[in-house]
Amino acid sequence: MSGFGHFARTALELEREIFKRGLLIGLDWQDPATMRALAHEALTCTTDCRLGLLRNHDAKARGRGELFALSEMMLDTMRQSAQVGVHTQGGPAWKAFGRALYEESARLGAGSSN
């Protein structure tokens, strides 16, 4: 399994960047309602929405857009590592946001079948 160490390294790097964006926008990683609202926004933000945030002159708006992009990288990393049987996770910010993303994704998926 030592050949899959890049997943752990990627998780640590993403965790650091996710945490920094959270600090910038004033997130409370311990507040599940905040995390769910952020996850909903991240999952429903279109490409144009994300580009608008990333190009915004306001640092907090850009940080939000960057956080949404990082969340995609986080989910991709977990998905890819799971495909080869490796469980990948980061620290507290990763876990809080990742949990909210999965829960909100399931909720949105369940709502789309109606």
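Scroll up to find the structure this text is about.
Basis of the calculations
- Residues numbered from 1 in each chain as written.
- Predicted model: local features only at pLDDT ≥ 70, side-chain atom pairs only at ≥ 80, totals over all residues.
- Heavy atoms only, no water.
- Salt bridge = Lys/Arg side-chain N within 4 Å of Asp/Glu carboxyl O.
- Buried < 20%, exposed > 50% of the residue type's maximum accessible area, 1.4 Å probe, protein only.
- Helix = DSSP H or I, 4+ residues; strand = E, 2+ residues; numbered from the N terminus.
- Polar contact = N/O pair within 3.5 Å; in protein donor to acceptor, adjacent residues only side chain to side chain.
- Contact = heavy atoms within 4.5 Å.
- Expected span 1.5 Å × (residues − 1).
- Arc of directions from axis to C-beta.
- Core = buried A, V, L, I, M, F, W, Y, C linked by side-chain atoms within 4.5 Å.

Visitor: How would you summarise the pattern of salt bridges if you had to cite specific residues and measurements?
Guide: One pass over the full model with this rule turns up 10 salt bridges. Among the salt bridges present, the one from Glu17 reaches Arg16, with a minimum N-O distance of 3.7 Å. Given the relative accessible area of 46%, Arg16 is considered partly exposed. Between Glu17 and Arg21 there is a salt bridge; the shortest N-O distance is 2.6 Å. Of this pair, Glu17 and Arg21 are both found in helix H1 (residues 5-25), four residues apart, which corresponds to roughly one turn of the helix. The two residues Glu17 and Arg21 agree in class, both being buried. Members of the salt-bridge network, linked through shared partners, are Arg16, Glu17, Lys20, Arg21 and Glu66.

Visitor: A description of the side chain of Arg50 should follow, citing residues and the corresponding values.
Guide: By secondary structure assignment, the location of Arg50 is in helix H3 (residues 47-54). Arg50 sits in the buried class, given a relative accessible area of 14%. At 3.1 Å, the side chain of Arg50 forms a polar contact with the backbone oxygen of Cys45. With residues near it in sequence (within four places) discarded, Arg50 still touches Ala42, Cys45, Gly65, Phe68, Ala69 and Glu72.

Visitor: Can you explain helix H2 (residues 32-44)? Please cite residues and give values.
Guide: Between its terminal C-alpha atoms H2 stretches 18 Å, which fits the 18 Å expected from 13 residues at 1.5 Å a residue. Taken together, the buried positions of H2 are Met35, Leu38, Ala39 and Ala42. The buried residues of H2 occupy an angular sector of 105° when projected down its axis, which confines them to one face. Two or three places before Ala33, at the start of H2, stands the capping residue Asp31, its side-chain oxygen 3.1 Å from that residue's backbone nitrogen.

Visitor: Give a description of the environment of Arg16 that names residues and reports values.
Guide: On the secondary structure map, Arg16 appears in helix H1. For the pair formed by Arg16 and Trp29, sequence separation is 13 residues and the distance between their alpha carbons is 13 Å.

Visitor: Account for the nonpolar core, naming residues and giving values.
Guide: Residues Ile18, Trp29, Met35 and Phe97 are the most contacted members of the largest nonpolar core, which totals 25 residues. Breaking this core down by element, the ones donating at least two residues are H1, H2, helix H4 (59-83) and helix H5 (92-112). With seven residues, H4 is the single largest residue contributor to this core. With near-sequence residues (within four places) excluded, Phe97 lies in contact with Trp29, Met35, Leu38, Ala39, Ala42, Leu67, Ser71 and Met74.

Spatial relationships are all this shows, so hold off on functional conclusions.
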